[in-house]
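Spelled out, the chains give:
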Amino acid sequence: MSTTMEANVLLTPNWRDWYHFRHQQACFASGTAFEDYVSKVLDRFHDDFINPAPSGSLGDGGCDGLAESGTIFYACYGQRPGRFSAERELASKINSDFVRGLAEWDTFHTWKFVTNAPFGPESLRVITRLQQAHGQTAARPLKIRAIRPEGLWAEVVSTLDAMVLNEIFPGAPGIENVELADLLPLLDALGTVNSASDTGASVLPVPPTKMDFNALPGASRLEFNSGRLLAPRIDRWYSESSDPGLYDAQGDRFRSIYQEVRSITAEPAEILERLYVSVAGANFRMDGKRANAAFAVVSYFFDSCHIFEMPPVGGGTTGGGDPDVVAH
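Here the structure is a predicted model, which means the values were calculated and not measured. All residue numbers here refer to positions counted from 1 along the written sequence of the relevant chain. A pLDDT threshold of at least 70 governs which residues receive local features in this predicted model, and a stricter bar of 80 or more applies before side-chain atom pairs are shown or counted, although totals over entire chains, interfaces and linings include all residues. Excluding hydrogens and water, the side-chain figures rest on all heavy atoms present in the structure.

### Quick word on the sheet that holds strand S4 (residues 143-147)
To keep it simple, the criterion reads: Any two strands with at least two DSSP-identified bridges between them are counted as paired. Per the convention used, a helix needs a DSSP run of H or I reaching at least four residues, while a strand needs a run of E reaching at least two, with both numbered from the N terminus. Only heavy atoms matter for contacts: two residues are in contact if any of them lie within 4.5 Å across the pair. Here an axis means a line fitted to C-alpha atoms, over the contact stretch when the element is a helix, while the angle between two N-to-C directions is reported on a 0 to 180 degree scale.
Read across the open sheet, the four strands follow the order S1-S2-S3-S4; overall the sheet is mixed. Edge positions in the sheet fall to strand S1 (66-67) and S4, since each has one partner strand and no second. By the bridge criterion, two bridges tie S1 to strand S2 (residues 72-77) in an arrangement that is antiparallel. Residue pairing across strands places Ala67 opposite Ile72, the latter belonging to S2. Sitting on the sheet, helix H3 (residues 31-45) is in contact with S2 and strand S3 (110-115), with an inclination near 155 degrees to S2. Most of the contacts of helix H5 (residues 121-133) go to S4, to which it runs at about 160 degrees, and overall it touches S3 and S4.

The following block contains the structure:
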């Protein structure tokens, strides 16, 4: 499965916090770096966004982008840190961009000034004066707005879908290296279950001898108990699958991943965490439903004897045997 496909399936609303943080980082950039970032996100937000290239003595007409058939005009300014006259420069930039845009572009009815520079009294007075001069009774009424980084997030960046966000901010944790990517649809199906009543299930009996033999810690047993509520839903998902061999194939892959992990560490809690990640991606615990779905799937294959060792018949309470020996 490709990274973009995984992003579509795996990302949940909580992951937008990660993208929000990356947006904030981009907005700390100064000068043209910030302006380039704004142009990039606006290009993905509007399907007809165009940032005109400066043309000789004509320049760009104070325009950093037109959108919506030329009805929205964007001017952008990245703060220049360490400037003694930063507030006066910002006020001057707002006024000069507006005056040039008004004189050279006659199609827009919304003018937006996007900046990461802090507004002081002079720049605020400029914006207010322009708004009042171009109110509803003016010869050319305009909607004039200043957009700061949080406004840019709320109005533009946060509305983009996961595939686009991952193109702008590649490398979101949890959307790469999902080893059992074909289980993602099952995780999504389990994520729609809100309570045990949805499954009609009760907690299945914990196999205490296998738990004890593999020395699973108490926290892991609680996770398994929570996940086992969804076992009937997993049974139904496999029975309704168009691929009759899917369960066996995924069980075999689970066993293989378990054996690989077992060769790296013998710590039961660490083995489980690596198995959870192989199912749901890194930092899966950031989303409660995603985490519970991972607990459900891993406990399901634990109970079906695909992973961890079965205690020997008639004795033994502590594991640590050959990881290749798995009873069925």
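Here the narrative resumes, following the displayed structure.
### Structural notes on the nonpolar core
Formally: As used in this record, nonpolar core signifies buried Ala, Val, Leu, Ile, Met, Phe, Trp, Tyr and Cys residues forming a set joined through side-chain atoms within 4.5 Å. Each residue is placed in one exposure class: buried if its accessible area under a 1.4 Å probe, protein chains only, is under 20% of its type's maximum, exposed if it is over 50%, and partly exposed if it falls in between.
In terms of nonpolar packing, the biggest core is built from 33 residues, with Leu275, Val298, Ile307 and Phe308 touching the most fellow members. Among the secondary structure elements, those contributing two or more residues to this core are helix H8 (184-191), helix H11 (231-239), helix H12 (246-262), helix H13 (268-280) and helix H14 (288-303). Residue contributions to this core peak at ten residues, all from H14. Judged by nonpolar contacts, the second largest core, of 25 residues, contains Phe34, Ile72, Tyr74 and Leu165.

### Observations regarding H12
Under the convention used in this document: In this analysis, the expected span of each helix is defined as 1.5 Å times one less than the number of residues it contains. Think of it as the arc spanned by the lines of direction from the helix axis to the C-beta atoms.
For H12, which comprises 17 residues, the first-to-last C-alpha distance of 24 Å matches the rise-based estimate of 24 Å (1.5 Å per residue) to within 8%. All of the buried residues along H12 are Leu246, Gln250, Gly251, Phe254, Arg255, Ile257, Tyr258, Val261 and Arg262. Looking straight down H12, one finds its buried side chains confined to an arc of 165 degrees; they lie on one side. Those residues of H12 that are buried lie in contact with H11, H13 and H14.

### Notes on the confidence of the model for the protein
Here is the rule: The predictor's confidence in any single residue is recorded as pLDDT, a number from 0 to 100.
Scored by pLDDT, the protein has a mean of 79; 77% of the residues are at 70 or more. Across residues 193-204, confidence stays below pLDDT 50; counting only partners more than four residues off in sequence or on other chains, it has 19 contacts.

### Considerations on the packing of aromatic side chains
This is how it is decided: Centres within 6.5 Å make a pair out of two Phe, Tyr or Trp rings, where for Trp the six-membered ring is used; the pair is then stacked when the planes are under 30 degrees apart, edge-to-face when over 60, and tilted otherwise.
Applying the stated criterion across every chain yields a total of 16 aromatic pairs. Ring geometry for Tyr19 against Phe169: centres 6.3 Å apart, planes inclined by 35 degrees, an arrangement best described as tilted. Linking Tyr19 in helix H2 (residues 16-27) with Phe169 in the loop between helix H7 (162-168) and H8, this pair joins segments that are 150 residues apart in sequence. A relative accessible area of 1% places Tyr19 in the buried class. Under the relative-accessibility criterion, Phe169 is labelled buried at 3%.

### Thoughts on the pairing of S4
Note the threshold: Handedness rule for crossovers: strands pointing away from the viewer, path from the first strand over the helix to the second running clockwise, crossover right-handed.
Where S3 and S4 come together, five bridges link them in parallel fashion. By the bridge assignment for S4, Thr110 is matched with Lys143. Viewed along the sheet, the connection from S3 through H5 into S4 turns out right-handed.

### Considerations on the side chain of Lys210
To be explicit about the condition: Counted as positive: Lys and Arg. Counted as negative: Asp and Glu, with His and the chain ends omitted from the count. The working definition used for a salt bridge is a side-chain nitrogen of Lys or Arg within 4 Å of a carboxyl oxygen of Asp or Glu. Contacts described as polar in this section are N or O atom pairs within 3.5 Å, which, within protein, must combine one atom able to donate a hydrogen with one able to accept it, while residues neighboring in sequence count only if both atoms come from side chains.
Looking at the element boundaries, Lys210 is found in helix H9 (residues 208-213). Comment: no salt bridge for buried Lys210; closest opposite-charge side chain is Asp303, at 6.2 Å. Of note is the side chain of Lys210, whose polar atom sits 2.6 Å from the backbone oxygen of Phe302.

### Points about the pairing of S2
Of all six residues that make up S2, six are buried, and the element is covered over most of its length. The alternating pattern of S2 places Ile72, Tyr74 and Cys76 on one face and Phe73, Ala75 and Tyr77 on the opposite face, and all of these are buried. Bridging between S2 and S3 involves six bridges; their strand directions are parallel. Note that in S3 the partner of Ala75 across the bridge is Phe113.

### A few points about the pattern of salt bridges
Tallying each qualifying case throughout the model produces eight salt bridges. The shortest N-O distance in the salt bridge between Arg253 and Glu260 comes to 3.9 Å. With relative accessibility at 39%, the residue Glu260 sits in the partly exposed group. One salt bridge connects Arg274 with Glu270, and the closest N-O pair in it is separated by 3.0 Å. Remark: Glu270 and Arg274 occur in helix H13; sequence separation between them is four residues, near one turn of the helix.

### Description of unusual backbone geometry
Of note in the backbone geometry, Glu68 takes a positive phi value of approximately 55 degrees without being a glycine. The residue Ser69 is not glycine, and still its phi comes out positive at about 55 degrees. Tracing the backbone through its elements, the reader meets Ser69 in the loop between S1 and S2. Since its relative accessible area comes to 66%, Ser69 is described here as exposed.

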